[in-house]
Amino acid sequence: METSSPWPPRPSPSAGLSLEARLGVDTRLWAKVLFTALYSLIFALGTAGNALSVHVVLKARAGRPGRLRYHVLSLALSALLLLLISVPVELYNFVWAHYPWVFGDLGCRGYYFVRELCAYATVLSVASLSAERCLAVCQPLRARRLLTPRRTRRLLSLVWVASLGLALPMAVIMGQKHEVESADGEPEPASRVCTVLVSRATLQVFIQVNVLVSFVLPLALTALLNAVTVNHLMALYSQEPSWLCMSSAGCRTMPAGSCTATSLMMDGLTRSTISITTSTW
């Protein structure tokens, strides 16, 4: 799909300079080696860890049913896909060989689409996990009835469908173009890059909306849900079994033995609530 860029190719300033020098890109060898080592370490550890997580979750399907493993699977798949696609492309075309872009226009759009897809899938999966955990802690009886593995699978499927839709604009604004022109005014093939194809004003609006949808709103929602969860847990664990007998006046006004019975009842209720909350996960 060809899209005309609002920024025309720049004329070549000097034919005697190398392409990297003319385009202002000249990564030193020591920096390339350093980034290669860091990328390789991230790729090895991340791929092994997430692949192991996927293997463990899939292997446990025949065991005790649970919903948490579906969230783990969603997060591991998004991280694994991001590592497998992004790290090799960035290491080759952004660290070692800046020009030309060798993966074509479709590869350029697909690369940024996958990055955006994985980012949205990760933040929305974390938000959905926080929502289910908040319900399980604050309303354990209702959560045990509503939060089933089947509904969790549907929720995470909706998360990935929403992520696909939210990531599509990235495949539209990114694309392949030539940065410089040759002496006869033709685009120089060696200056082919994967970059933004829309105007600066459109790009600014896209960045603002993207930051709001992919970072600010999920972060605010996750922080709110976790704050409610932590506050409820602190209130639950701070309940004293003998809270009624802490007051001597309260004990004096109650029949003999009823204070101890009330304490045991409250202690049992608290333990039952915690037990239901734990078994929900």
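Residues numbered from 1 in each chain as written. Predicted model: local features only at pLDDT ≥ 70, side-chain atom pairs only at ≥ 80, totals over all residues. Heavy atoms only, no water.

Let's shift gears to the confidence of the model for the protein chain. Summary statistics for the protein chain give a mean pLDDT of 77 and a share of 71% for residues scoring 70 or more. When the criterion is pLDDT under 50, residues 11-16 qualifies, and its contacts beyond four places in sequence or with other chains add up to 5 contacts. (pLDDT = per-residue confidence, 0-100. Contact = heavy atoms within 4.5 Å.)

Here we come to the packing of helix 6 (residues 149-173) against helix 7 (residues 200-237). Contact pair helix 6 / helix 7: the axes reach a minimum separation of 12 Å and the direction vectors enclose 155 degrees. Relative to helix 7, the element helix 6 is oriented roughly antiparallel. The chirality of how helix 6 crosses helix 7 is left-handed. Between helix 6 and helix 7, the contacting residues are L166, P169, M170 and I173 on the first element and L203, F206 and V213 on the second. Taken together, the residues of the contact of helix 6 with helix 7 sort by class into 7 nonpolar, no polar and no charged. (Axes fitted to C-alpha atoms, helices over the stretch in contact; angles between N-to-C directions. Helix = DSSP H or I, 4+ residues; strand = E, 2+ residues; numbered from the N terminus. Parallel < 35°, antiparallel > 145°, perpendicular 65-115°, else oblique. Left-handed = near helix turned anticlockwise from the far one by under 90°. Nonpolar A, V, L, I, M, F, W, Y, C, P; charged D, E, K, R; others polar.)

Before going further, it helps to spend a moment on the packing of aromatic side chains. All chains considered together, the criterion is met by 5 aromatic pairs. A ring pair is formed by Y92 and F103, whose centres lie 6.1 Å apart and whose planes are at 75 degrees; its orientation type is edge-to-face. Within this pair, whereas Y92 is found in helix 3 (residues 68-96), its partner F103 is found in the loop between helix 3 and helix 4 (104-138), the two being separated by 11 residues in sequence. Of the residues examined, F103 reaches a relative accessible area of 38% and is grouped as partly exposed. Between the aromatic rings of Y111 and Y112, the centroid separation amounts to 4.8 Å while the plane-to-plane angle is 75 degrees, which identifies the pairing as edge-to-face. Connected via pairs of aromatic rings, a cluster forms that spans Y92, W101, F103, Y111 and Y112. (Phe/Tyr/Trp six-rings, centres within 6.5 Å; stacked < 30°, edge-to-face > 60°. Buried < 20%, exposed > 50% of the residue type's maximum accessible area, 1.4 Å probe, protein only.)

Moving on, we come to the pattern of salt bridges. Scanning all chains against the criterion turns up 2 salt bridges. A salt bridge links R115 to E90; its shortest N-O distance comes to 3.4 Å. In this pair, R115 is assigned in helix 4 and E90 in helix 3, connecting sequence segments 25 residues apart. Owing to a relative accessible area of 17%, E90 belongs among the buried residues under this scheme. Its salt-bridge partner being R109, residue D105 comes within 2.8 Å of it at the nearest N-O pair. Placement of the pair is D105 and R109 together in helix 4, with a separation of 4 residues, close to one helical turn. D105 sits in the buried class, given a relative accessible area of 12%. (Salt bridge = Lys/Arg side-chain N within 4 Å of Asp/Glu carboxyl O.)

Attention shifts here to the nonpolar core. One finds W101, C108, Y112, M170, I173 and M174 to be the most contacted residues of the largest nonpolar core, which totals 13 residues. Sort the elements by how many residues they give to this core and helix 4 lands first, with 3 residues. Those residues in contact with Y112 that sit more than four places away from it in its chain are F94, M170, M174 and C194. Core analysis: the next-biggest nonpolar cluster, separate from the first, contains 6 residues, F113, V114, L117 and A167 among them. (Core = buried A, V, L, I, M, F, W, Y, C linked by side-chain atoms within 4.5 Å.)

We now examine the packing of helix 3 against helix 6. The description of two packed helices rests on the angle between their axes and on the distance between the axes. At a closest axis distance of 10 Å, the pairing of helix 3 and helix 6 adopts a crossing angle of 25 degrees. In terms of orientation, helix 3 lies roughly parallel with respect to helix 6. Relative to helix 6, the crossing made by helix 3 is right-handed. Seen from helix 3, the contacting residues are Y70, H71, S74 and S78; seen from helix 6, they are P149, T152, R153, L156 and W160. Of the residues that constitute the contact of helix 3 with helix 6, the class distribution is 4 nonpolar, 4 polar and 1 charged.

Quick look at a positive patch on the surface now. Together, R142, R145, R150, R151, R153 and R154 make up a positively charged patch on the protein surface. When residues of the positive patch are traced back to their parent elements, those giving at least two are helix 5 (140-146) and helix 6. At 4 residues, the largest contribution of residues to the positive patch is made by helix 6. With respect to the helices and strands, the residue R153 is situated in helix 6. (Patch = residues over 30% accessible without salt bridge, like charges linked within 9 Å, V, L, I, M, F, W, Y side chains within 5 Å. Areas by Shrake-Rupley, 256 points an atom, 1.4 Å probe, with all protein chains shown as cover. Lys, Arg positive; Asp, Glu negative; His and termini not counted. Charge placed at Lys NZ, Arg CZ, Asp CG, Glu CD.)

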